[in-house]
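Residue-level listing of the chains:
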Amino acid sequence: MLLLSRRIGETIEIGEDIKITIAGIQGNQVRIGIDAPRDVPVHREEIAQRIRDEEQRST
């Protein structure tokens, strides 16, 4: 795992077409904005796991 320090308004790039921007920090919560192509799914981990579980049950 790569750990990076960023301040509000700073961005991290993943490849050429995914950008993650720090939108705000309040206490122990960090708000991020994710700019990715429409064909790249972006989900919270627990939602992605639920989707995988449902797909597995339907096969």
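From a predicted model like this one, the values you see are computed outputs, not experimental measurements.

Student: Before we go on, may I ask you to explain the sheet that holds strand β3 (residues 29-35) in this structure?
Tutor: Two modes of strand pairing occur in sheets, parallel and antiparallel, and in both the strands are linked by backbone hydrogen bonds. Here three strands make up an open sheet; going across it, the order is β1-β2-β3 and the pairing antiparallel. Edge positions in the open sheet fall to β1 (11-14) and β3, since each of these has one partner strand only. For this sheet, the mean angle separating the axes of adjacent strands, direction not counted, is 25°.

Student: Help me out: how do you make sense of a negative patch on the surface in this one?
Tutor: Among the surface-exposed residues, Glu 16, Asp 17, Asp 35 and Asp 39 lie close enough to one another that they form a single negatively charged patch. Examined against the element boundaries, Glu 16 turns out to sit in the loop between β1 and β2 (18-26).

Student: Whenever I open this one, the pattern of salt bridges confuses me. Can you help?
Tutor: It is possible for side chains bearing opposite charge to pair when their charged atoms get close. One pass over the structure, following the stated rule, counts two salt bridges. The residue Glu 10 makes a salt bridge to Arg 6 at a minimum N-O spacing of 3.7 Å. Glu 46 is the partner of Arg 44 in a salt bridge, and the nearest nitrogen-oxygen pair spans 2.7 Å.

The rules we used
- Residues numbered from 1 in each chain as written.
- Predicted model: local features only at pLDDT ≥ 70, side-chain atom pairs only at ≥ 80, totals over all residues.
- Heavy atoms only, no water.
- Pairing = 2+ DSSP bridges.
- Helix = DSSP H or I, 4+ residues; strand = E, 2+ residues; numbered from the N terminus.
- Axes fitted to C-alpha atoms, helices over the stretch in contact; angles between N-to-C directions.
- Patch = residues over 30% accessible without salt bridge, like charges linked within 9 Å, V, L, I, M, F, W, Y side chains within 5 Å.
- Areas by Shrake-Rupley, 256 points an atom, 1.4 Å probe, with all protein chains shown as cover.
- Salt bridge = Lys/Arg side-chain N within 4 Å of Asp/Glu carboxyl O.
- Lys, Arg positive; Asp, Glu negative; His and termini not counted.
- Charge placed at Lys NZ, Arg CZ, Asp CG, Glu CD.

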